[in-house]
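# Summary of structural features
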Amino acid sequence: MNDSYPIRKSYSKYSEKPRSLLERFTDLISPEPESRGELLEILQDAHARNLIDADSLSMIEGVFQVADLCTRDIMVPRAQMDAINIADDPDQFIPFVLEKAHSRYPVYDGNRDNVIGILLAKDLLRYYAEEEFDVRGMLRPSVFIPESKRLNVLLHDFRANHNHIAIVVDEYGGVAGLITIEDVLEQIVGDIEDEYDFDEEEGNIIATSDGGYRVRALTEIEQFNETFGTNHSDDEVDTIGGLVIHRFGRVPHRGEKIRIDDFVFEVLRSDARQVHMLLAKNVPADVVCAPR
């Protein structure tokens, strides 16, 4: 009995060079698409046929979006920047740092157009350990970029320079806002855990010290209604974030507010595609309109 065939088959199996992901991806989209729109349609069709999962499709779409967006599209506007005045004593701004819970803060001298550096929150530990505490000496250099800078170029610069935050300036040299590497990455991978995230065990709705509630945008309307005794309809959208976007008619930016019945919703975090976190306060209309 000739057993050479099985031996050759086994050898072929283990000696064959594995096909790269790029080669398999090329086979998937063959024949070659003639435009980005066609490529996205092919990818969406691949998702519909369970060839790629929803997360992979979302990230690929995010990569395309990053190439189309510029800094001004997702930056935190100047008026909403959490910044520190160098003239303030640490006793004055440390409670502010604890409240905001960011890891980096722009520091300005005189006015917000004069950003002189970046303060890392961890460096403030020295205030409690050293007799002489010099904030100016702890500042890291600030990076300034134009509003028109493309996000894909900015992401490359962040990685190449090991930088995490940049100050955005307008054509006249004034500070227009700030942007972080997390803001850019969220356009690709979606929301990243930050100071507004909390454990799943605590639920989607958390009371705040000022009488409001931090609400995950993905909280179902049914849960919100049960918690607050409201009667928001879920006929058109399923989540509170979807309801807010529907009322705005667009994806709102951080800091924007809207009244829906007896609740005022403030956007705590959002990106170009969706809202992530809201601050909800029960403020009945008759209270707002009542004369003082």
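As a starting point, this report considers the structure included with it. (Residues numbered from 1 in each chain as written. Predicted model: local features only at pLDDT ≥ 70, side-chain atom pairs only at ≥ 80, totals over all residues. Heavy atoms only, no water.)

Moving on to the sheet that holds strand E7 (residues 175-180). The strands making up a sheet associate through hydrogen bonds between their backbones, and the pairing can be parallel or antiparallel. Ordered in space as E1-E7-E6-E5, the 4 strands form an open sheet in which the pairing is mixed. Looking at the sheet topology across the chains shown, the edges are occupied by strand E1 (76-77) and strand E5 (144-146). Sheet strands touched by helix H9 (residues 151-161): E5, strand E6 (165-169) and E7. Its angle to E7, the strand with the most contacts, is close to 65°. (Pairing = 2+ DSSP bridges. Helix = DSSP H or I, 4+ residues; strand = E, 2+ residues; numbered from the N terminus. Contact = heavy atoms within 4.5 Å. Axes fitted to C-alpha atoms, helices over the stretch in contact; angles between N-to-C directions.)

Core analysis: the largest hydrophobic core is formed by 18 residues, its most contacted members being Phe224, Ile240, Val244, Phe265 and Leu278. Secondary structure elements with two or more residues in this core: helix H11 (221-228), helix H12 (240-248), strand E10 (257-260), strand E11 (263-270) and strand E12 (275-282). If one sorts the elements of this core by residue count, H12 sits on top with 4 residues. With near-sequence residues (within four places) excluded, phenylalanine 224 lies in contact with Ile205, Val215, Thr219, Gly229, Thr230, His232, Ile240, Phe263, Phe265 and Ala280. Counting residues in hydrophobic clusters, the runner-up holds 16 residues, among them Leu69, Met75, Phe158 and Ile188. (Core = buried A, V, L, I, M, F, W, Y, C linked by side-chain atoms within 4.5 Å. Buried < 20%, exposed > 50% of the residue type's maximum accessible area, 1.4 Å probe, protein only.)

For E7, the buried fraction is high: 6 of the 6 residues fall into the buried class. Relative to E7, E1 runs antiparallel, the two sharing 2 bridges. Looking at E7, one finds that proline 77 is bridged to glycine 177. The hairpin formed by E6 and E7 contains 5 residues between the paired strands, and glycine 173 there has a positive phi angle of roughly 90°.

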